[in-house]
Amino acid sequence: MAHSAPILVKQLQHRASMEQRLWAMIFMLLMTTLATSYALAAQRDAAAASAQIALTLKDAVLLSVRNNLELQDAYLQNLVSKVDLWVAEGRFVPRGSVAARLTTGDNQPVDASRDKPSELRLRPTLEWKLPTGADLTFSWATNGRRSDGTSESTSSLEAVMTQPLLRGAGIDINQIPVDVARNEYANDLLDLRQTVSAKITDVVFAYRQLKLERGRLEIAKTALERARRLVETNRRLIEAGRMAATELIQAEADVAAQEVNLAERDNALDAARLRLLGLLNLRAGTQISPADAIEITEVSPDYQRWLRTALSMRPDYQRALLSRQNRRLNRKLAENDSKWRLDLTASTRVDSRAERWLYPVPDAPYGRRWEVGLELVVPLFDRTLKQQRVRATVAEQQADNRVESLRQSIERDLTDKLRSLHVRRRQVDLARRSLSLAQEQLQIEQSKLELGRSTNFELVKLQNDLVRAENAELRAIIDYLNLLTELDQSLGTTFATWGLTITNLTPVWEPGS
């Protein structure tokens, strides 16, 4: 027994040591797995960030109308407008309700036999507004009672009609609320179309700004390479004894300036990229590259055709027309509300009884009545009626003024666009001519420098002039294309230009959904 105790202790110590080694191995394996996973994830993120996505302008527009959060909110608001229109168009749809009540109990007086009465009350009602202005009401009240072995049911069937003859009479007057609701829904669609068009214009401008900054970056890279080649040329000429060593300072200073300019252009490119990503609702790390080439689109100016297009397509002008139409309808309602109220009323009622429990149609009528009459209400000393007519008339006149003011604004805008289009197109031609001359001047001056007949000062100046000419040409083309985009918005043809329809963007809603 004394010899077995040390052996047992050694076995326990060996087992504990083995368990510690096993847990250490498991811990090391777990840490290695986690480190590998993190490394692979970092590699994937780096690969995703470095991957360039070629994006055309058409793709950018489609992404914006689908992904932009502000537009998503506008689409959802349009869904509410659809439901509002559906409710308004149900003005002449019958509405009904059913009220039911079932009771049972236990009644056991001290000096009488036990009774368990039951009672059912049922009252269906149907209300119907007719296009003529008439209000129809149908109601049926039935009451069934069972008590102490006896059953009884009573029923009252009633129909009431009220047909206005002056105020509120006629199909035209009663159709006005429905017409106003339809105009308001059309106005909401136009508002949504205007919002989407403005967002598309922002995306187009942001895309072209990205294209502009990328072009400027390439120009800056080329200018830096040209400046470095000048330094090499200077060193070669200095070694050949054809140029003073002090001339090299000018060329090296130009290299430093071009490096600074390159850094600035790279920063501007990244800022333009982030702005476009924000409009497209994409992650900040997404690297996109504009795939479209910068090409001039020729346009044939036609002021009269532009004006006709703008008056028929611009959402803001169409909204002004709808607003004026609604003001006219509201003025008709105000004039109608000022009339006397003269109503033709008619009603009939049948009461019946049956000695059965829950008999749906009692078969023993015990009372019938009907009546027809006229009801006249003449408003006296009510100044609010005059107030409503004046307000409606003034609102209609103000709507007419807004339509005319907007029309004049459209005419001025198109006149300005016509002038600007000619100027911008001329600027493109002049910028191209200036670039061609700057290239020729630089080539001549480079040849003169090789012959020792020019200086670095003149060559650096011409190189910078070439950079300015290249940037000016690029800027002129972008400005011209942006003006065409602005012209699209002025004409209301943004959707047509990009092949979009408002019905394809808004969510679908059915009454049963």
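Let me sum up the structure you'll find in this document. Quick caveat: nothing in here was measured; it's all calculated off a predicted structure. (Residues numbered from 1 in each chain as written. Predicted model: local features only at pLDDT ≥ 70, side-chain atom pairs only at ≥ 80, totals over all residues. Heavy atoms only, no water.)

## So, the overall build of the protein
At step 1: Broken down by element type, the protein carries eleven helices and eight strands.
At step 2: The burial tally for the protein puts 33% of its 513 residues in the buried class.
At step 3: Contacts in the protein between residues at least 24 apart in sequence constitute 77% of all its contacts with a sequence separation of at least 6.
At step 4: Taken as a whole, the protein presents about 31,300 Å² of accessible surface, with 55% of it coming from carbon and sulfur. (Helix = DSSP H or I, 4+ residues; strand = E, 2+ residues; numbered from the N terminus. Buried < 20%, exposed > 50% of the residue type's maximum accessible area, 1.4 Å probe, protein only. Contact = heavy atoms within 4.5 Å. Areas by Shrake-Rupley, 256 points an atom, 1.4 Å probe, with all protein chains shown as cover.)

## Thoughts on the pattern of salt bridges
At step 1: In the structure shown here, the tally under the stated rule is 35 salt bridges.
At step 2: Notably, a salt bridge pairs Arg324 with Asp400, separated by 3.7 Å at the nearest N-O pair. Taken as a pair, Arg324 in helix α7 (residues 315–337) and Asp400 in helix α8 (residues 383–450) lie far apart in primary sequence, 76 residues in all.
At step 3: On the accessibility criterion, Asp400 (26% relative accessible area) is partly exposed.
At step 4: Asp465 is the partner of Lys461 in a salt bridge, and the nearest nitrogen-oxygen pair spans 3.3 Å. One end of the pair is Lys461 and the other is Asp465, both in helix α9 (residues 456–491) and four residues apart, which spans about a single turn.
At step 5: Overall, Asp465 belongs to the partly exposed group, its relative accessible area being 22%. (Salt bridge = Lys/Arg side-chain N within 4 Å of Asp/Glu carboxyl O.)

## Let's talk about the pairing of strand β3 (residues 118–129)
At step 1: When strand β2 (residues 95–104) meets β3, the two strands line up antiparallel, connected through ten bridges. Residue pairing for β3: Arg101 is matched across the bridge by Arg121.
At step 2: Of the pairings in the sheet, the one linking β3 to strand β4 (residues 135–147) comprises ten bridges and is antiparallel in character. Each bridged residue has a counterpart across the sheet, and for Thr125 the counterpart in β4 is Ser139.
At step 3: Hairpin connection from β3 to β4: five residues lie between these consecutive antiparallel strands, with Gly133 at a positive phi of about 105°. (Pairing = 2+ DSSP bridges.)

## Focus: the packing of aromatic side chains
At step 1: One pass over the structure, following the stated rule, counts zero aromatic pairs.
At step 2: A cation sits over an aromatic face here: Arg193 above Phe495, 6.0 Å from the ring centre.
At step 3: In this structure, Arg425 packs its charged tip against the face of Tyr480, placed 5.9 Å from the ring centre. (Phe/Tyr/Trp six-rings, centres within 6.5 Å; stacked < 30°, edge-to-face > 60°. Lys NZ or Arg CZ within 6 Å of the ring centre and 35° of its normal.)

## Digging into the nonpolar core
At step 1: Counting 47 residues, the largest nonpolar core has Val196, Ile200, Leu276, Trp498 and Leu500 as its most contacted members.
At step 2: Grouped together as the second largest cluster of nonpolar side chains are 21 residues, Leu307, Tyr480, Leu481 and Leu487 included. (Core = buried A, V, L, I, M, F, W, Y, C linked by side-chain atoms within 4.5 Å.)

## A short note on the side chain of Asn183
At step 1: Relative to the elements of secondary structure, Asn183 occurs in helix α4 (residues 171–239).
At step 2: Look past the residues within four positions of Asn183 in its chain and what remains in contact with it is Leu322, Gln325, Asn326 and Leu329.

## A short note on the environment of Gln325
At step 1: Positionally, Gln325 belongs in helix α7.
At step 2: By relative accessible area, Gln325 is classed as partly exposed at 40%.
At step 3: The sequence separation of Gln325 and Asp179 amounts to 146 residues, and the corresponding C-alpha distance is 9.5 Å.

## A word on the packing of helix α6 (residues 303–313) against α9
At step 1: Contact geometry of α6 with α9 gives a least axis separation of 8 Å together with a crossing angle of 60°. As summarised for this structure, α6 and α9 are arranged oblique, according to the angle between their axes. Here Trp306, Thr309, Ala310 and Met313 of α6 lie close against α9, whose contacting residues are Leu487, Ser490 and Leu491.
At step 2: Taken together, the residues of the contact of α6 with α9 sort by class into five nonpolar, two polar and no charged. (Axes fitted to C-alpha atoms, helices over the stretch in contact; angles between N-to-C directions. Parallel < 35°, antiparallel > 145°, perpendicular 65-115°, else oblique. Nonpolar A, V, L, I, M, F, W, Y, C, P; charged D, E, K, R; others polar.)

## Some words on the layout of surface pockets
At step 1: Roughly 530 Å³ of internal volume is contained in the largest pocket.
At step 2: Together, 22 residues line the largest pocket, and Arg208, Glu295, Thr297, Leu481 and Leu484 are the ones closest to its centre.
At step 3: Considering every element that reaches the lining of the largest pocket, the biggest residue donor is α9, with seven residues.
At step 4: Residue classes in the lining of the largest pocket are distributed as twelve nonpolar, four polar and six charged.
At step 5: Estimates place the volume of the second largest pocket at around 160 Å³.
At step 6: Residue lining of the second largest pocket: 13 residues in total, with Gln194, Arg314, Pro315, Asp316 and Gln489 positioned closest to the centre.
At step 7: Listed by contribution, the elements that provide at least two residues to the lining of the second largest pocket are α4, α7 and α9.
At step 8: The biggest single contributor to the lining of the second largest pocket is α4, with four residues.
At step 9: When its residues are assigned to classes, the lining of the second largest pocket shows two nonpolar, six polar and five charged. (1 Å grid on protein atoms, 1.4 Å probe; cavity = no way out; pocket = protein on both sides within 12 Å on 5 of 7 lines; lining within 4 Å. Points joined across faces, edges and corners; volume = space filled by probe spheres on them.)

## What to know about the side chain of Lys417
At step 1: Tracing the backbone through its elements, the reader meets Lys417 in helix α8.
At step 2: What makes Lys417 buried here is its relative accessible area of 10%.
At step 3: Excluding residues within four positions of it along the chain, Lys417 makes contact with Leu483, Glu486, Leu487 and Ser490.

## Re the packing of α4 against helix α5 (residues 247–280)
At step 1: The contact between α4 and α5 brings their axes to 8 Å, and the two run at 165°. Taken as axis vectors, α4 and α5 run roughly antiparallel relative to one another. The way α4 lies across α5 gives a crossing that is left-handed. (Left-handed = near helix turned anticlockwise from the far one by under 90°.)

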